[in-house]
Amino acid sequence: MKFERWLLAAILLVPVVFLWTIYGQSLGSHALAKRALDTNQPFPIAGISPQRSSPAMDDKTSSLLELMTNSEHFNGKRVAAEGMVYRGGNSDRTRFKLFRFVVVCCAADALPLVIWVNSKIAEKFNNDDWVRVEGTFSFETVNGRQVASIAADSVRPIPAPPPEKRYLFF
Amino acid sequence: MLILLFLYFKYDKLLNMNSPTSNGDISKNGHDYRQSSRSSRYAQLLFVLFALSLVFFFRYTPQFHTLGIIFVSIVLEALPFMLLGTLIGGFIEVFIPREKVTRWLPEGRWWTVFIGAGIGVLFPVCECAIVPVVRKLLQKGVPFSAAIAFLLGGPIVNPLVAASTAVAYFADWSIVIQRMVFGYCIAVGVGLLMGLLFTKAKAVHNEVSCEPDLKPAPEIPETGKPAAWAEKIGLAVNHAAGDFLDIGRFLVIGAFCAAVVQTLVPRQEFVAVMGTPGISILIMMLLAVLLLPLFLISPGNPGTF
């Protein structure tokens with residue numbers, strides 16, 4: 001049956017069409033809003049040792065994964081981290097969330113790592129802007145939960161990394 | 001609407017799983033392309049039109065990007081495993097004779113369920129791969145209840161899943177043992193229950209394997225001499241390719257539904273519901289249907305939710 005064959009081919013081509021339209025895109029603040037869990041740690045990271053920082057970073061910069069997995073170690077220390085900005089519905093002009101997605105298996109199970117950033121110039125940045133944040137790492141309590149945060153003395157925009165370097169990997 | 005479509009496809013698939021010759025046409029290479037019913041074809045056409053209209057109207061929105069990334073990555077990750085499953089199915093089709101299967105697992109014996117649920121220990125097959133394999137086993141005359149037990153137990157009770165569970169739960173062996181034991185028991189229980197409730201002929205639409213003569217087998221040479229190995233392997237690959245294309249569309253549609261749910265429903269809402277034990281089980285069952293392809297491909301990942 002000819003129609004059946006054409007239909008089969010069309011269904012199998014749907015992912016190819018989608019692949020073409022999403023080329024160069026990556027998960028951003030929309031996915032973050034759907035996936036973030038309102039807890040301190042979005043998933044059980046204790047006990048897993050992450051790979052060392054991604055190749056794009058220099059010695060001074062820590063990946064969000066390192067910060068989150070060794071948060072006790074970094075408490076009170078100066079850190080530098082890169083990631084995307086998420087302002088959400090929050091009207092507070094002096095803070096935003098710095099996030100990146102960690103891929104365990106594939107993009108379908110990518111999970112966001114989030115750190116609060118406090119900075120006087122926070123309002124200059126929009127959702128999904130890539131920034132480099134330098135400041136002091138600590139913990140603070142937001143809505144009754146302990147969250148990781150950086151008191152930033154410098155936040156500057158950086159160019160978005162190439163697609164293969166946008167995610168962190170276990 | 002999408003969910004209904006998906007359920008419809010799954011239902012249709014189960015019913016038609018074993019009816020390759022009933023109304024399908026047989027191509028030159030011997031694979032039976034199954035022909036869907038008219039309404040199923042319209043539903044599939046509707047899916048293609050819906051997906052392409054999303055591309056056309058929404059391709060520059062962030063929601064579409066999220067949907068597309070999740071959809072494509074589920075499909076890409078599941079495809080190799082499905083390819084493996086269809087290959088195994090193709091080799092079963094060509095290399096394992098019916099008589100052997102019926103001798104090992106005779107029809108109408110309840111104890112075959114216990115073997116069926118445990119086949120995975122020797123023969124590890126993941127969830128993506130198992131449907132084509134079970135499909136072929138049913139055609140080869142494996143009892144219905146034993147096939148169901150293998151369908152459920154095979155992807156849980158096997159050494160690879162035991163290892164990946166151990167990794168995912170940081171070598172917490174009690175969880176590994178619980179998963180294996182309960183997985184086996186559930187597979188046996190459901191297999192027995194299905195055997196009680198349905199006969200094979202009733203459960204599998206247009207059963208062909210009860211009447212082996214009905215199934216034309218152009219691939220078997222009529223001279224009576226066994227085909228050469230190379231020829232047999234070629235036939236197995238041909239069967240596999242046909243099955244792969246045939247089942248691939250359900251993977252695509254399932255992955256799409258999973259991606260839609262992941263894009264539209266915030267995870268925080270799942271967590272809120274998970275607090276109530278009774279409801280959480282119901283929700284997990286619902287999710288298993290909705291997000292099936294996602295669960296299928298990540299047996300080693302406890303942190304999906």
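Owing to the predicted nature of the structure, the values given are computational and were not obtained by experimental measurement.

A. Main features of the overall build of chain A. Summing up its helical and strand segments, chain A has four helices and six strands in all. The helix and strand sequence of chain A, counted from the amino end, reads α-α-α-α-β-β-β-β-β-β. A sequence separation of at least 24 residues applies to 66% of the contacts in chain A between residues at least 6 apart. With an accessible surface of roughly 8300 Å², chain A has 53% of that area assigned to carbon and sulfur atoms.

B. Molecular detail of the overall build of chain B. Helix and strand counts for chain B come out as 15 helices and two strands. Counting only residues that meet the buried cut, chain B has 48% of its 305 residues in that class. Counted over contacts in chain B with a minimum sequence separation of 6, partners at least 24 positions apart contribute 78%. Looking at chain B as shown, the accessible area adds up to about 14800 Å², and 73% of this sits on carbon and sulfur atoms.

C. Structural detail: the environment of P161(A). Residues and elements named next belong to chain A. Structurally, P161 can be placed in the loop between β5 (145–157) and β6 (168–169). Spatially, the C-alpha atoms of P161 and G83 are 9.8 Å apart, while their sequence positions differ by 78 residues. Sequence-distant contacts of P161, that is, excluding residues within four places in its chain, are made with W130 and R166.

D. Up close: the nonpolar core. The biggest cluster of nonpolar side chains holds 41 residues, and the ones touching the most others in it are F18(A), F101(A), F47(B), F71(B) and F256(B). Within the second largest apolar cluster, 24 residues are counted, among which are M68(A), F96(A), V102(A) and A148(A).

E. Looking closely at unusual backbone geometry. Residues and elements named next belong to chain A. A positive phi angle, near 75°, is found at D128, a position not held by glycine. Looking at the element boundaries, D128 is found in the loop between β3 (111–118) and β4 (130–142). D128 gets classed as partly exposed once you look at its relative accessible area, which sits at 32%.

F. Seen up close, the side chain of R166(A). Residue placement: R166(A) occurs in the loop between β5 and β6. Within the local environment of R166(A), its side chain forms a polar contact with the backbone oxygen of P161(A), the two atoms lying 2.9 Å apart.

G. Molecular detail of the interface of chain A and chain B. Each side of the interface is counted separately: chain A has 38 residues, and chain B has 49 residues. Broken down residue by residue, the surface that chain A buries against chain B is led by I11(A), F18(A) and K34(A), which jointly contribute 16%. Taken together, chain A and chain B are joined by two salt bridges. Between R41(B) and E4(A) there is a salt bridge, with its nearest N and O atoms 3.9 Å apart. In this structure, the connection of chain A to chain B is made through three residue pairs in polar contact (both at pLDDT 80 or more). Elements supplying a minimum of two residues to the side of chain A that touches chain B: α1 (2–21) and α2 (29–35) of chain A. Among the elements that make up the side of chain A that touches chain B, the one with the highest residue count is α1(A) (15 residues).

H. Here's a closer look at the pairing of strand β2 (residues 95–103) of chain A. Residue and element names in this part refer to chain A. Most of β2 sits inside the fold, with eight of its nine residues counted as buried. Here strand β1 (residues 78–86) pairs with β2 via three bridges, running antiparallel. Of the residues in β2, the one forming a bridge with Y86 is K97. Bridge count between β2 and β6: two bridges; the pairing is parallel. What sits directly across from V102, in β6, is L168.

I. Here's a closer look at the side chain of S119(A). Mapped onto the fold, S119(A) is located in the loop between β3 and β4. A polar contact of 3.2 Å, which involves the side chain of S119(A), links it to the backbone nitrogen of I121(A).

J. Structural view of the pairing of β3(A). All names here are of chain A. Burial analysis of β3 places six of its eight residues in the buried class, the great majority of the element. Here β2 pairs with β3 via eight bridges, running antiparallel. Paired with F96 across the two strands is V117, which belongs to β3.

K. Structural view of the packing of helix α3 (residues 38–58) of chain B against helix α12 (residues 229–264) of chain B. All names here are of chain B. With their axes 12 Å apart at the nearest point, α3 and α12 run at an angle of 50° to one another. The orientation of α3 with respect to α12, classified from their angle, is oblique. Crossing handedness for the pair α3 and α12: left-handed. Here α3 contributes Q44, F47, F50, A51 and L54 to the contact with α12, which in turn contributes R249, V252, I253 and F256. For the contact of α3 with α12, the residue count by class is seven nonpolar, one polar and one charged.

L. Main features of helix α7 (residues 127–139) of chain B. All names here are of chain B. Along its 13 residues, α7 runs 19 Å from first to last C-alpha, staying within 8% of the 18 Å computed at 1.5 Å per residue. Taken together, the buried positions of α7 are E127, C128, A129, I130, P132, V133, V134, R135, K136, L137, L138 and Q139. One or two steps after α7, the chain reaches G141, where phi turns positive at roughly 100°.

M. Representation of the pattern of salt bridges in the model. Enumeration over the complete set of coordinates arrives at 12 salt bridges over all chains. A salt bridge links E134(A) to R78(A); the shortest N-O distance between them is 3.6 Å. Of the two residues, E134(A) sits in strand β4 while R78(A) sits in strand β1, which places them 56 residues apart along the sequence. The class of E134(A) is buried, set by a relative accessible area of 14%. Between R78(A) and D153(A) there is a salt bridge, and its shortest N-O distance comes to 2.7 Å. In this pair, R78(A) is assigned in strand β1 and D153(A) in strand β5, connecting sequence segments 75 residues apart. Linked by salt bridges that have partners in common, E4(A), R41(B), E93(B), R135(B), K136(B), D243(B), D246(B) and R249(B) make up one network.

N. The confidence of the model for chain B, seen in detail. All names here are of chain B. Summary statistics for chain B give a mean pLDDT of 74 and a share of 72% for residues scoring 70 or more. Summarising per-element confidence for chain B, the mean pLDDT is lowest in helix α2 (residues 20–23) (38) and highest in helix α10 (residues 173–197) (90). Low pLDDT (under 50) marks residues 1–30, which in the prediction has 77 contacts with non-local residues, meaning those over four places away or in another chain. Long-range and interchain partners of residues 206–224, a stretch whose pLDDT sits below 50, account for 27 contacts in this model, where long-range means more than four residues apart. Interface confidence for the predicted complex, given as ipTM, is 0.79, next to a pTM of 0.72.

Calculation rules
Residues numbered from 1 in each chain as written. Chains lettered and ligands numbered in written order. Predicted model: local features only at pLDDT ≥ 70, side-chain atom pairs only at ≥ 80, totals over all residues. Heavy atoms only, no water. Helix = DSSP H or I, 4+ residues; strand = E, 2+ residues; numbered from the N terminus. Contact = heavy atoms within 4.5 Å. Areas by Shrake-Rupley, 256 points an atom, 1.4 Å probe, with all protein chains shown as cover. Buried < 20%, exposed > 50% of the residue type's maximum accessible area, 1.4 Å probe, protein only. Core = buried A, V, L, I, M, F, W, Y, C linked by side-chain atoms within 4.5 Å. Polar contact = N/O pair within 3.5 Å; in protein donor to acceptor, adjacent residues only side chain to side chain. Buried area = accessible area lost by both parts, 1.4 Å probe. Salt bridge = Lys/Arg side-chain N within 4 Å of Asp/Glu carboxyl O. Pairing = 2+ DSSP bridges. Axes fitted to C-alpha atoms, helices over the stretch in contact; angles between N-to-C directions. Parallel < 35°, antiparallel > 145°, perpendicular 65-115°, else oblique. Left-handed = near helix turned anticlockwise from the far one by under 90°. Nonpolar A, V, L, I, M, F, W, Y, C, P; charged D, E, K, R; others polar. Expected span 1.5 Å × (residues − 1). pLDDT = per-residue confidence, 0-100.

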